[in-house]
Amino acid sequence: ILRQSNLPQLPPFITKGVAAGQHFGIGGLWASAGESDARKDFREFNLTRVCGPSSPCLNQPPHDNTDTSTHYTTREEAYNNYAVGPVYIASTADWKDLLPKWHAFTPRVYEQYPKLLAEMYGFTMAAADRQLKFALSSSYMVSDPRTM
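Keep in mind that what you see is a predicted model, and the values were worked out from it rather than measured.

Draft legend 1. Looking closely at helix 4 (residues 118-129). Taking 1.5 Å of rise per residue, twelve residues should cover 16 Å, and helix 4 covers 16 Å from first to last C-alpha, within 8% of that figure. With eleven of its twelve residues buried, helix 4 lies for the most part within the structure. Listed as buried for helix 4 are A118, M120, Y121, G122, F123, T124, M125, A126, A127, A128 and D129. Buried positions along helix 4 lie against helix 1 (47-51), strand 2 (84-89), helix 3 (92-112) and strand 3 (134-137).

Draft legend 2. Structural detail: the state of the cysteines. Enumeration over the complete set of coordinates arrives at one disulfide. At a sulfur-sulfur separation of 1.8 Å, the disulfide partner of C51 is C57. Measuring handedness by torsion sign, the sulfur bridge of C51 and C57 sits at about 85° and is right-handed. We note that C51, like C57, is buried.

Draft legend 3. Looking closely at the pattern of salt bridges. According to the stated counting rule, one finds seven salt bridges in the structure shown. One salt bridge connects R130 with D97, and the closest N-O pair in it is separated by 3.2 Å. Taken as a pair, R130 in the loop between helix 4 and strand 3 and D97 in helix 3 lie far apart in primary sequence, 33 residues in all. Look at R130 and you get partly exposed, because its relative accessible area is 33%. The class of D97 is partly exposed, set by a relative accessible area of 33%.

Draft legend 4. Focus on the environment of A38. Summarising the element assignment, A38 is placed in the loop between strand 1 (19-23) and helix 1. Judged by relative accessible area, A38 falls into the buried class, the value being 1%. Sequence-distant contacts of A38, that is, excluding residues within four places in its chain, are made with S32, A33 and R43.

Draft legend 5. Local environment of the pairing of strand 1. Taken across its five residues, strand 1 has five buried, putting it largely inside the fold. Relative to strand 3, strand 1 runs parallel, the two sharing four bridges. When the bridges of strand 3 are listed, Q22 appears paired with S137. Pairing between strand 1 and strand 2: four bridges, direction antiparallel. Note that in strand 2 the partner of A20 across the bridge is I89.

Cut-offs used in this document
Residues numbered from 1 in each chain as written. Predicted model: local features only at pLDDT ≥ 70, side-chain atom pairs only at ≥ 80, totals over all residues. Heavy atoms only, no water. Helix = DSSP H or I, 4+ residues; strand = E, 2+ residues; numbered from the N terminus. Expected span 1.5 Å × (residues − 1). Buried < 20%, exposed > 50% of the residue type's maximum accessible area, 1.4 Å probe, protein only. Contact = heavy atoms within 4.5 Å. Disulfide = S-S within 2.5 Å. Salt bridge = Lys/Arg side-chain N within 4 Å of Asp/Glu carboxyl O. Pairing = 2+ DSSP bridges.

Here it is, written out as structure tokens:
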């Protein structure tokens, strides 16, 4: 299997809560949304408008939120677990949980990022919201010269 050597190990099987997909270099970008060192398109991007005020897809708690029970997605987690694109492989139960969020998030992403990859960012944010981590492989589609 071709893949970047720094990615987490692949699981032996796909089961509920364990998904896999093609490694794309998009997942970590949205996790820096709203921060001064974010890419230009994401400096003013508001994750709360996409994911909601207590979503795990947020990169930090909202300023008025004192809830410490919610997990927030770091850039490293977004890069290692959500930088995914087609081919997506997941259980039926995971798809049933993920698809409504993806459907809801994509137009909200597009409102702030009206570009071609808005639906892919919607997917990765929905996966983070549902905390469905993807094991990433680079062999479904070789598009990165760092693939070994």
